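# Examining the three-dimensional arrangement
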Amino acid sequence: MRNETVKRLARECGFELAGVAAAEPAADFAKYQQWVERGYAGEMGYLTDRRAEVRGDPRNLLPSARSIICVGKLYNTPGPADGLISRYAWGNDYHRVMRAGLENLVELLAREAGPFEYKICVDTAPLLERSYAREAGLGWIGKNTCLIHEPLGSWFFLGEIVTSLAMETDSPPQDRCGTCTRCIDACPTQAIVRDEERWTIDSRRCISYLTIELRGPIPEEHREGMGAHVFGCDICQDVCPWNSRAPVTEEQAFSERPFPDIENIAKLSYDAYHQITADSPVARAKHSGVLRNVAVAMGNLGLERFREPLEVLEASPDEMVAEHAQWALRKL
Ligand code: B12
Ligand code: SF4
Ligand code: SF4
């Protein structure tokens, strides 16, 4: 199968970026292991349990694997950019959208190449997505650890087809960060940390981790740095010069869906929360987690009008939510 054919078909399936990497042991796997050893994964057990080792070789996912088709799909939309909810979560859940596009691509590939074995990966598979996407020429890994493409920027999701098809591979582009340090300087919680010769993310400090992945209470020392973020964080990408002219996606599924303002999020019942976040990435934070985040955000915004909703949260039977509301009330 020709490399150009794969790229053309990927574009037909709605992927602005596509390339091919060899399905070989990940050159960056030692970096991943070191990252885990340093504790940078925090409490994200799916990164540190037996699945950590699986990441060493894509043939653990598909024994017959020879190539990895890596794709990128833009999600940037002209949305509110108020920081409350991060950009990648303004539309429908990307896992489903990406998978549908990749299934479509498998079908087109099979028409050209006949039957083959494959495994589709989007985010959740134990595969070092950024490493392979870099090798497939989709971009370089910036100091903020995001995959950046010139001229498309970094507002895109990644997905892969690990396949038994043999293909001509691509090569990684040049690193264009140069002497820039904007993301490191702008990160409010100093989560971009130096680890030997490169920069990496200490998830335990990252607002994205604290608001989405962390299930228990947010350590007090990080609460102020979280500002008004309720779900995820885009700061290290918003300040990146490569995103200053980032194009907007044509994917309707990623266009902004109505979401309540912070006071109304605070009032959402368990059922209403699940209704509003159905097929949205926000569902991952869970009702309790979002109320916890709202309390911290209200405390940081420090507005007197938040006293009433915070008192309601303080009376919550959920101890974690109540404790965060107390913290926030002390800040008003
Ligand atoms: C765990 C995770 C997180 C964690 C940890 C983040 C992190 N930087 O590792 C948290 C919860 C904090 C997070 C946050 C976000 N995430 Co996230 N996350 C993941 C996940 C599931 C695993 C990443 C991982 O393995 N991390 C461990 C570290 C060590 O791996 P790594 O950063 O990828 O680094 C590897 C290589 O890049 C390489 N490497 C690192 N530095 C360098 C430097 C050089 C010079 C070289 C050559 C190689 C190299 O070595 C490492 C080991 O392989 C991936 C999906 C996946 N399966 O890969 C999505 C993923 C990385 N996330 C994604 C997104 C969109 C986000 C957020 C923007 C969401 C948000 N708005 O809140 C933020 C961005 C924060 C940030 N600056 O990274 C996208 C990124 C798309 C892109 N363009 O880069 C991914 C790929 C999901 C997807 N399928 O689209 N995420
Ligand atoms: S996502 Fe936010 S908190 Fe995390 S590294 Fe980037 S700027 Fe820092
Ligand atoms: S802000 Fe600067 S250093 Fe950070 S990723 Fe973008 S170009 Fe690289």
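Residues numbered from 1 in each chain as written. Chains lettered and ligands numbered in written order. Predicted model: local features only at pLDDT ≥ 70, side-chain atom pairs only at ≥ 80, totals over all residues. Heavy atoms only, no water.

## Looking at the pattern of salt bridges
Pairs can form between side chains of opposite charge whenever their charged atoms are close. Heads up, the condition is: Salt bridge, as used here, is a side-chain nitrogen of Lys or Arg placed within 4 Å of a carboxyl oxygen of Asp or Glu. For the exposure calls, accessible area comes from a 1.4 Å probe over protein chains only, and a residue counts as buried if that area is under 20% of its type's maximum, exposed if over 50%, partly exposed in between.
Following the criterion strictly, the structure yields 20 salt bridges and no others. Close ionic contact of D49 with R51 constitutes a salt bridge, the shortest N to O distance being 2.6 Å. According to the relative accessible area criterion, R51 is partly exposed, its value standing at 31%. Note that R307 is salt-bridged to E304, the shortest N-O span being 2.6 Å. According to the relative accessible area criterion, R307 is partly exposed, its value standing at 28%.

## Description of the state of the cysteines
In a disulfide, the sulfur atoms of two cysteines are held together by a covalent bond. We count it as follows: Throughout, disulfides are identified as pairs of cysteine sulfur atoms within 2.5 Å of each other.
Evaluated as defined, the whole model comprises zero disulfides. We note that C70 lacks a disulfide partner, and the nearest cysteine sulfur, in C121, lies 9.5 Å from it. Relative accessible area serves as the criterion here: at 1%, C70 is assigned to the buried category.

## Here we look at the nonpolar core
We apply this condition: As used here, the term nonpolar core means buried Ala, Val, Leu, Ile, Met, Phe, Trp, Tyr and Cys residues forming a set that is joined through side-chain atoms within 4.5 Å. Every helix listed is a DSSP run of H or I at least four residues long, and every strand listed is a run of E at least two residues long, numbered separately from the N terminus. These domain limits were set by an automatic method or by a database of domain assignments. Note on definitions: a residue-residue contact is assigned when non-hydrogen atoms from the two residues lie within 4.5 Å.
With 106 residues, the main nonpolar core has V71, L105, V294, L310 and L313 as its most contacted residues. Sorting elements by how many residues they give to this core places helix α5 (residues 94–113) first, with eight residues. Viewed by domain, this core spans two of them, domain 1 (1–254) and domain 2 (258–332), each represented by three or more residues. Setting aside residues no more than four positions away along its own chain, L313 makes contact with A266, L291, V294, A295, V321, A322 and A325.

## Here's the deal with the side chain of T200
Quick reminder of the rule: Residues adjacent in sequence count toward polar contacts only when both atoms are side-chain atoms; beyond that, a polar contact is any pair of N or O atoms within 3.5 Å, and within protein one must be able to donate a hydrogen and the other to accept it.
Of note, T200 is situated in strand β8 (residues 198–201). A distance of 3.2 Å separates a polar atom in the side chain of T200 from a polar atom in the side chain of W35. Ignoring any residue separated from it by four or fewer positions in sequence, one finds T200 in contact with W35, Y40, T145, A191, I192, V193 and D195.

## Some details on the site of ligand 2
Here is the rule we go by: Whether a residue is near a molecule or strand depends on its heavy atoms: it is near if one of them lies within 4 Å of it. When residues are grouped by polarity, Ala, Val, Leu, Ile, Met, Phe, Trp, Tyr, Cys and Pro land in nonpolar, Asp, Glu, Lys and Arg in charged, and all others, Gly among them, in polar.
Around ligand 2 lies a shell formed by C187, T189, A191, I192, I201, C206, I207, C233, I235 and C236. Each residue belonging to the shell around ligand 2 can be placed in one class, and the counts come to nine nonpolar, one polar and no charged.

## Focus on the packing of aromatic side chains
The following threshold applies: Pairing of aromatic rings covers Phe, Tyr and Trp, the last through its six-membered ring, and needs centres within 6.5 Å; plane angles under 30 degrees mean stacked, over 60 mean edge-to-face, and all others mean tilted.
Under the counting rule described, the total for this entry stands at eleven aromatic pairs. Summarising the aromatic geometry, the rings of F29 and Y32 are spaced 6.3 Å apart at their centres and angled 15° between planes, so their arrangement reads as stacked. One end of the pair is F29 and the other is Y32, both in helix α2 (residues 29–37) and three residues apart, which spans about a single turn. Overall, the relative accessible area of 10% leaves Y32 in the buried class. Ring centres of W140 and W242 lie 5.3 Å apart, and the angle between their planes is 85°; this geometry places the pair in the edge-to-face category.

## Brief notes about helix α1 (residues 3–12)
Our working rule: Read the arc as the range of directions from the helix axis to the C-beta atoms.
Within α1, burial applies to N3, T5, V6, L9 and A10. For α1, the angular spread of the buried residues around the axis is 160°, confining them to a single face. Pointing more than 90 degrees away from the buried face of α1 are the exposed residues R11 and E12. Summarising the contacts, the buried residues of α1 are in contact with β1 (17–22), β2 (67–74) and α5. Following α1 by one or two positions, G14 adopts a phi angle in the positive range, close to 90°.

## A look at the site of ligand 1
Close to ligand 1 lie 37 residues, the nearest being E129, N144, L147, R198 and S208. One of the side-chain N or O atoms of E129 is found 2.8 Å from a nitrogen atom in ligand 1. A distance of 2.8 Å is found between an oxygen atom of ligand 1 and a side-chain nitrogen or oxygen belonging to S208. Sorting the residues of the shell around ligand 1 by element identifies α2, α6 (129–135), β6 (156–163), β8, α8 (207–213) and α10 (235–238) as the ones contributing at least two each. The leading source of residues in the shell around ligand 1 is α6, at four residues. Considered class by class, the residues forming the shell around ligand 1 number 19 nonpolar, nine polar and nine charged.

## A short note on the domain arrangement of the protein chain
Stated precisely, the cut-off is as follows: Each of two parts loses accessible area, computed with a 1.4 Å probe, when they are put together; buried area is these two losses added.
As assigned here, the protein chain comprises domain 1 (1–254) and domain 2 (258–332). Using C-alpha coordinates to define each centre, domain 1 is positioned 29 Å away from domain 2. Every contact between the two is made by 28 residues of domain 1 and, on the other side, 23 residues of domain 2. For the pair domain 1 and domain 2, the two sides together bury roughly 2,100 Å², of which 57% comes from carbon and sulfur. When the buried area of domain 1 at its contact with domain 2 is split by residue, R215, R223 and V230 rank highest and sum to 29% of it. Linking domain 1 to domain 2 there are four salt bridges.

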